[in-house]
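Coordinates in review
Spelled out, the chains give:
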Number of protein chains: 2
Amino acid sequence: MKLLEDRIRKDGIVKAGNILKVDSFLNHQMDVKLFREMGKEWKRLFKDAGVNKILTIEASGIGIACVVAEEFDVPVVFAKKTQSLNIDGDVYSSKVTSFTKKKVYDIMVSKKYLSPEDRVLIIDDFLANGCAVDGLSDLIVESGATLVGVGIAIEKGFQTGGKVLRDKGIHLESLAIVESMNDETGEIIFREQ
Amino acid sequence: MKLLEDRIRKDGIVKAGNILKVDSFLNHQMDVKLFREMGKEWKRLFKDAGVNKILTIEASGIGIACVVAEEFDVPVVFAKKTQSLNIDGDVYSSKVTSFTKKKVYDIMVSKKYLSPEDRVLIIDDFLANGCAVDGLSDLIVESGATLVGVGIAIEKGFQTGGKVLRDKGIHLESLAIVESMNDETGEIIFREQ
């Protein structure tokens, strides 16, 4: 998606350790007008998937997912990362390893909000090694729902997550795929799509 | 806001310990159509406030804030609850005590995303003792920005947060104020507004 690639080139900052900071528009400060355009693009790409629920994970996926959900006219469910007193014990759960925070955490969704009738589109800001999507997929499988696709804002194409999902036959649509980036020059090369 | 009160009566669940569960539409599964109507109402209530940024706190405020931000045509910034490797050290920070999780945590916003030119509307899902809003206000004061108002989905009117904010002269607009609730009968009484 050229609009997103252009924005990443303009405002993204490449840091050592393969870190791409896009917190000025995607995951700390959030440009909701950009999210709206991303939502329209995913709606176009998944228009025949029969999506009736969007699943994401706290925290940075939630804003994108909510704007996107309006395009599909469906509710959003977000997986929570820690046990809260406000969540019933009756949950689907899995584990995720965070690339940026370098730790393993539990994720969970109340059993009330995923069921076999659900056709779920996963939305998240980043795809790197794919651990977050794997964890969310576990919750979907456990619930008997159907995973109909995965929409990612920025895929790190030099890590394995995207390839693994595509090899499994999962319909993955990453709006920008970073093929390589250079923290000395700041240059970012995107995969042709 | 009658639409929100009706929804709380229909789908909210009163639990012992003054807990009101609204996770079927507000803060776990999220009804973005409802968020859109809430956004329109806050836009009406804060139309003269010159809002140019919305500030919220992860995780459950983010979805509401993003939909609301479209009504105001401004960006959202969300305060993060834990240090992430993706956040620069240069942050405004404060502390918040969580009512539901019964613990104290640090919150922070990058100094890049709050500045003296900002006229900030705080948006959050719940107001009880007001600790989250206090913490967010600290960040705004520290940055030199102006707090122009606070928009809350559900205020627990029997706790002190709302009164304290109003006594300080802060423009607070809670779309539903729960005056009392009964976990045995499930009855919820709202304050007339």
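Residues numbered from 1 in each chain as written. Chains lettered and ligands numbered in written order. Predicted model: local features only at pLDDT ≥ 70, side-chain atom pairs only at ≥ 80, totals over all residues. Heavy atoms only, no water.

**Here we look at the packing of helix α3 (residues 60-72) of chain A against helix α3 (residues 60-72) of chain B**
Counted only if it meets this: Convention adopted: a line fitted to C-alpha atoms gives each axis, helices being fitted over their contacting stretch, and angles between N-to-C directions are expressed from 0 to 180 degrees. The helix count covers DSSP runs of H or I at least four residues long, the strand count covers runs of E at least two residues long, and both are numbered beginning at the N terminus. Any angle between 65 and 115 degrees counts as roughly perpendicular, while under 35 counts as roughly parallel, over 145 as roughly antiparallel, and the rest as oblique. The sense of a crossing depends on the near helix, which, turned anticlockwise from the far helix by less than a right angle, makes the crossing left-handed and, turned clockwise, makes it right-handed. Every residue pair with non-hydrogen atoms within 4.5 Å of one another is taken to be in contact. Throughout this entry, Asp, Glu, Lys and Arg are counted as charged residues, while Ala, Val, Leu, Ile, Met, Phe, Trp, Tyr, Cys and Pro are counted as nonpolar. The remaining residues, Gly among them, count as polar.
Running from N to C, α3(A) and α3(B) point in directions that differ by 55°, and their axes come no closer than 8 Å. Taken together, the axis directions place α3(A) and α3(B) in an arrangement best described as oblique. Seen along the crossing, α3(A) lies across α3(B) with a hand that is right-handed. Between α3(A), through Ile62(A), Gly63(A), Cys66(A), Val67(A) and Glu70(A), and α3(B), the contact on the second element is made entirely by Ile62(B), Gly63(B), Cys66(B), Val67(B) and Glu70(B). Here the contact of α3(A) with α3(B) is composed, by residue class, of 6 nonpolar, 2 polar and 2 charged.

**Quick word on unusual backbone geometry**
Residues and elements named next belong to chain A. Heads up, the condition is: The cut-offs for exposure are 20% and 50% of the maximum accessible area for each residue type, with area from a 1.4 Å probe on protein chains only; residues under the lower value are buried, those over the upper are exposed, and the others partly exposed.
A cis amide bond, omega -5°, links glutamate 58 with the succeeding residue alanine 59. Mapped onto the fold, alanine 59 is located in the loop between β4 (53-57) and α3. The phi dihedral of asparagine 18 is positive, around 60°, even though this residue is not glycine. Along the chain, asparagine 18 turns up in the loop between β1 (13-15) and β2 (19-21). Its relative accessible area of 36% is what places asparagine 18 among the partly exposed residues.

**Quick look at the relation of the copies chain A and chain B**
Taken together, a rotation about one axis and a shift along it account for how the two chain copies relate. Selection rule: Residues below a pLDDT of 70 in either copy are left out; the C-alpha atoms of the rest, at least 70 in both, set the least-squares superposition of the copies.
Rotating chain A by 180° about the axis while translating it 0.0 Å along that axis superimposes it on chain B, leaving an RMSD of 0.0 Å. The transformation just described matches what one would write down for a two-fold rotation axis. With an isologous cut-off of 70% or more, the 100% of interface residues of chain A that recur at the interface of chain B puts this contact in the isologous class.

**With respect to the interface of chain A and chain B**
Interfaces are often described in size by the accessible area the parts lose on coming together. This is how the line gets drawn: Once two parts are joined, some of their accessible surface, as seen by a 1.4 Å probe, is lost; buried area is that loss totalled over both. For this document, the term salt bridge refers to a Lys or Arg side-chain nitrogen within 4 Å of an Asp or Glu carboxyl oxygen. The definition of a polar contact used here is a pair of N or O atoms within 3.5 Å, where within protein one atom must be able to donate a hydrogen and the other to accept one, and adjacent residues in sequence count solely through side-chain atom pairs.
Facing the 44 residues of chain A at the interface are 44 residues of chain B. Carbon and sulfur atoms make up 54% of the area that chain A and chain B hide from each other, which totals about 3,800 Å². Inspection of the region where chain A meets chain B yields 6 salt bridges. Among the ionic pairs, Arg36(B) bridges to Glu70(A), the shortest N-O distance being 2.5 Å. Between chain A and chain B we count 18 residue pairs in polar contact (both at pLDDT 80 or more) in total. Where the side of chain A that touches chain B is concerned, the elements lending two or more residues are β2, β3 (29-30), α2 (32-45), α3, β5 (76-79) and β7 (103-110) of chain A. The element best represented in the side of chain A that touches chain B is α3(A), accounting for 7 residues. Across the side of chain A that touches chain B, the residue classes tally to 19 nonpolar, 11 polar and 14 charged.

Everything listed here is a matter of coordinates, which is why it stays silent on function.
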